[in-house]
Amino acid sequence: MSFLGFGKKKEETILVLDIGSASVGGAVVRISSENEPQILAVSRVPVNFLWDINFQAFWRCARNSLKKTLEHLAKNSSGRPDKILCVFSSPWFISQTRIISLKKDE
């Protein structure tokens, strides 16, 4: 099975993140060439609503929601993901597709 170019290995674990203005969501999915995709963990944390418009405070709240989402996913799934798919909603998105490849020796 191939999902956005994923699935070339026999089995891959993918972290899917959805970062928006109201919440940060995430899921850990195992994709196998022989079986249906399996959802290992899911989390969605709201971004605190702020009455005053202050980008620094909004950024801090969004970062905190991302941290809580990642902590929950790490606690409820095992191992490291092979790939990460991150989807940005308004106000974070860029209207062009970008592919970032990072390789570390760790």
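Up top you'll find the structure we're talking about.
Residues numbered from 1 in each chain as written. Predicted model: local features only at pLDDT ≥ 70, side-chain atom pairs only at ≥ 80, totals over all residues. Heavy atoms only, no water.

S.K.: Explain the nonpolar core to me, using residue names and the numbers behind them.
M.R.: Counting residues in each nonpolar core, the largest one holds 6 residues, listed as Ile19, Val24, Val47, Phe58, Cys61 and Ala62. Ranked by residues supplied to this core, first place goes to helix α1 (residues 55–76) with 3 residues. Excluding its chain neighbours within four sequence positions, the residues that come into contact with Cys61 are Val47, Asn48 and Leu50. By size, the runner-up hydrophobic cluster in this structure holds 5 residues, among which are Leu15, Val28, Ala41 and Leu73. (Core = buried A, V, L, I, M, F, W, Y, C linked by side-chain atoms within 4.5 Å. Buried < 20%, exposed > 50% of the residue type's maximum accessible area, 1.4 Å probe, protein only. Helix = DSSP H or I, 4+ residues; strand = E, 2+ residues; numbered from the N terminus. Contact = heavy atoms within 4.5 Å.)

S.K.: Break down the side chain of Ser43 for me, citing the residues and quoting the values.
M.R.: Tracing the chain through its elements places Ser43 in strand β3 (residues 38–46). Residues within four places of Ser43 in sequence aside, it is in contact with Val24, Gly25, Gly26, Thr69, His72 and Leu73.

S.K.: Can you explain the pairing of β3? Please cite residues and give values.
M.R.: Of the strand pairs in this sheet, strand β2 (residues 23–32) and β3 are connected by 8 bridges, and their pairing is antiparallel. Counterpart to Ser23 in the pairing with β3 is Pro46. (Pairing = 2+ DSSP bridges.)

S.K.: Lay out the layout of surface pockets with the relevant residues and their values.
M.R.: Its boundaries defined by the atoms lining it, the second largest pocket holds a volume of some 160 Å³. For the lining of the second largest pocket, the class distribution of residues is 8 nonpolar, 3 polar and 1 charged. (1 Å grid on protein atoms, 1.4 Å probe; cavity = no way out; pocket = protein on both sides within 12 Å on 5 of 7 lines; lining within 4 Å. Points joined across faces, edges and corners; volume = space filled by probe spheres on them. Nonpolar A, V, L, I, M, F, W, Y, C, P; charged D, E, K, R; others polar.)

S.K.: For the side chain of Ser32, give the residues involved together with the corresponding values.
M.R.: Residue position: Ser32 is located in strand β2. At 3.2 Å, the side chain of Ser32 and the backbone nitrogen of Glu34 are in polar contact. (Polar contact = N/O pair within 3.5 Å; in protein donor to acceptor, adjacent residues only side chain to side chain.)

S.K.: Before we move on, could you go through the sheet that holds β2 and cite the residues and values that matter?
M.R.: Strand order in the open sheet formed by 4 strands is β3-β2-β1-β4, and the pairing between neighbours is mixed. The sheet is open, and its two borders are formed by β3 and β4 (83–88), each paired with just one other strand. Direction aside, neighbouring strands of the sheet carry axes that sit 15° apart on average. Across the sheet, α1 touches β1 (11–19), β2 and β3, and the angle it forms with β3 is around 155°. (Axes fitted to C-alpha atoms, helices over the stretch in contact; angles between N-to-C directions.)

S.K.: Tell me about α1, and please be specific about residues and values.
M.R.: With 22 residues, α1 extends 32 Å between its outermost C-alpha atoms, agreeing within 8% with the 32 Å of an ideal straight helix rising 1.5 Å per residue. Listed as buried for α1 are Ala57, Phe58, Cys61, Ala62, Ser65, Thr69 and Leu73. Buried residues of α1 fall within an arc of 145° about the axis and therefore sit on the same side. In α1, those exposed residues whose orientation departs by more than 90 degrees from the buried face are Gln56, Ala74 and Lys75. (Expected span 1.5 Å × (residues − 1). Arc of directions from axis to C-beta.)

S.K.: Go over the pattern of salt bridges with me, naming the residues and quoting the values.
M.R.: Within this structure, the stated rule accounts for 4 salt bridges. Here Lys83 and Glu12 are joined by a salt bridge, their closest N and O atoms 3.9 Å apart. Taken together, the residues span a long stretch of sequence, with Lys83 in strand β4 and Glu12 in strand β1 at a distance of 71 residues. (Salt bridge = Lys/Arg side-chain N within 4 Å of Asp/Glu carboxyl O.)

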